[in-house]
Amino acid sequence: MSSRGSPLVEKIDLHIHTSFSDGNYSVEEAVKIAEIKGLKVLAITDHYSELQYRPNRITRSQFSRYVQTLNSYNVLKGVEVEILQDGTVSISKKKVDELDIIIGGLHSINNIKFWGDSSPIWDTKRFVEKVRVALIKAMESEILDVIAHVSWLPEIIRKETHRVITNDWIKSVVDACYDWGVAVELNCAWKVPDERFVEYCVKKEVKLSIGSDAHQRSMIGKTDYAINIIKRMKVPKDLIFLPTSLF
Ligand SMILES: [Zn+2]
Ligand SMILES: [Zn+2]
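This structure is a prediction, so every number in the text was calculated from the model and none was measured. (Residues numbered from 1 in each chain as written. Chains lettered and ligands numbered in written order. Predicted model: local features only at pLDDT ≥ 70, side-chain atom pairs only at ≥ 80, totals over all residues.)

A. Quick look at the overall build of the protein chain. When helices and strands are counted, the protein chain shows nine helices and nine strands. In summary, the protein chain has a C-alpha radius of gyration of 17 Å against a globular reference of 18 Å for 247 residues, a match within 12%. Across its three principal directions, the C-alpha atoms of the protein chain cover 45 × 40 × 30 Å. Long-range contacts, defined here as pairs at least 24 residues apart, represent 77% of the contacts in the protein chain between residues at least 6 apart. (Helix = DSSP H or I, 4+ residues; strand = E, 2+ residues; numbered from the N terminus. Rg over C-alpha atoms; globule rule 2.2 N^0.38 Å. Contact = placed C-beta atoms within 7 Å.)

B. Local environment of the sheet that holds strand β2 (residues 41–48). Sheet architecture is open: seven strands sit in the order β1-β2-β3-β4-β7-β8-β9, paired in parallel fashion. Bordering the open sheet on either side are β1 (12–16) and β9 (208–211), each of which pairs with just one other strand. For strand β3 (residues 76–83) and strand β4 (residues 101–106), the ladder comprises six bridges, and the chain directions are parallel. Counted as the bridge partner of I83 is L106 from β4. (Pairing = 2+ DSSP bridges.)

C. Molecular detail of the environment of S21. Mapped onto the secondary structure, S21 falls in the loop between β1 and α1 (27–36). Put simply, S21 and D46 are 25 residues apart on the chain and 5.6 Å apart in space, counted from C-alpha to C-alpha. Ignoring anything within four residues of it in the chain, the contact list for S21 reads D46, H47, N56, R57 and I58.

D. Region of interest: unusual backbone geometry. At the junction of V192 and P193, the peptide bond is cis and its omega measures out at -5° in the coordinates. Looking at where P193 falls in the secondary structure, it is placed in the loop between β8 (183–187) and α8 (195–204). Although it is not a glycine, N56 adopts a positive phi angle of roughly 60°. Relative to the elements of secondary structure, N56 occurs in the loop between β2 and α2 (63–71). Unusually for a residue other than glycine, E205 sits at a positive phi of about 60°. The topology assignment puts E205 in the loop between α8 and β9. Residue E205 is classed as exposed on the basis of its C-beta count, with 10 C-beta atoms lying within 10 Å. (Buried ≥ 20, exposed ≤ 12 C-beta atoms within 10 Å, placed from the backbone.)

E. Inspection of the nonpolar core at higher detail. With 72 residues, the main nonpolar core has L135, V146, I147 and L208 as its most contacted residues. It is helix α4 (residues 124–139) that contributes the most residues to this core, six residues altogether. Ignoring any residue separated from it by four or fewer positions in sequence, one finds L208 in contact with A183, V184, L186, V198, C201, V235, L239, I240 and F241. (Core = buried A, V, L, I, M, F, W, Y, C linked by C-beta atoms within 7 Å.)

F. Representation of the pairing of β8. In terms of burial, β8 is largely enclosed, as five of its five residues are buried. Burial of β8 is two-sided: the residues A183, E185 and N187 facing one way and the residues V184 and L186 facing the other way are all buried. Across four bridges, β8 lies against β9 in parallel orientation. Among the inter-strand pairings, V184 is bridged to a residue of β9, identified as L208. Traced from β8 through α8 to β9, the parallel crossover comes out right-handed. (Right-handed = clockwise from strand over helix to strand, strands pointing away.)

Don't take any of this as a statement about function, it's just geometry.
So, in structure tokens, the structure goes:
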């Protein structure tokens, strides 16, 4: 389903889960749905962690079966790896060559999960600072192509996002993306980052990746959030991220 040249932004989805991790449909079903929806550039990016066992993550021993399965379809082969609090990413460098796209996702800090966790966060400023440091450290690994849901925060402080994610925070993270050649994802499930963030990406010429972060069938190719922001902000076409294996 991947194609050469420059596809329309409406036809790209670079962040799709399947039942290999926590999606509720098979790769085959995902590919079929994407075809029906007319997607041209499609990446399957299931959660992968070889650092420690986590539920709903592909493990090291399942990795080759995963890659083999994706090889039998015309899709880009990807994973979403964990970014740990200390910036470690949950994949070893030798696995990277077998894949087209590595997305890094931060899903917990201080054992507080960003989803389905109502633990209190006493010092929001400090928490957000830890997020910033983890993201930047992860980029320094030179493993990541894309940072997923970059300004996503735990539910309990999510409403404060605009206040706690300051311009300096944005600048620092985007500058690191520029330095390490990492794209920022327009995550359509969580609707992050916001225009302020995208504006600075465009100014810095940091690329933007389009991802539905689909876990359900209906979410595949649902990238309205990204498309709207790209159009509204007149993001130049050459700033839309595509994996290098397409060229
Ligand atoms: Zn994620
Ligand atoms: Zn995801």
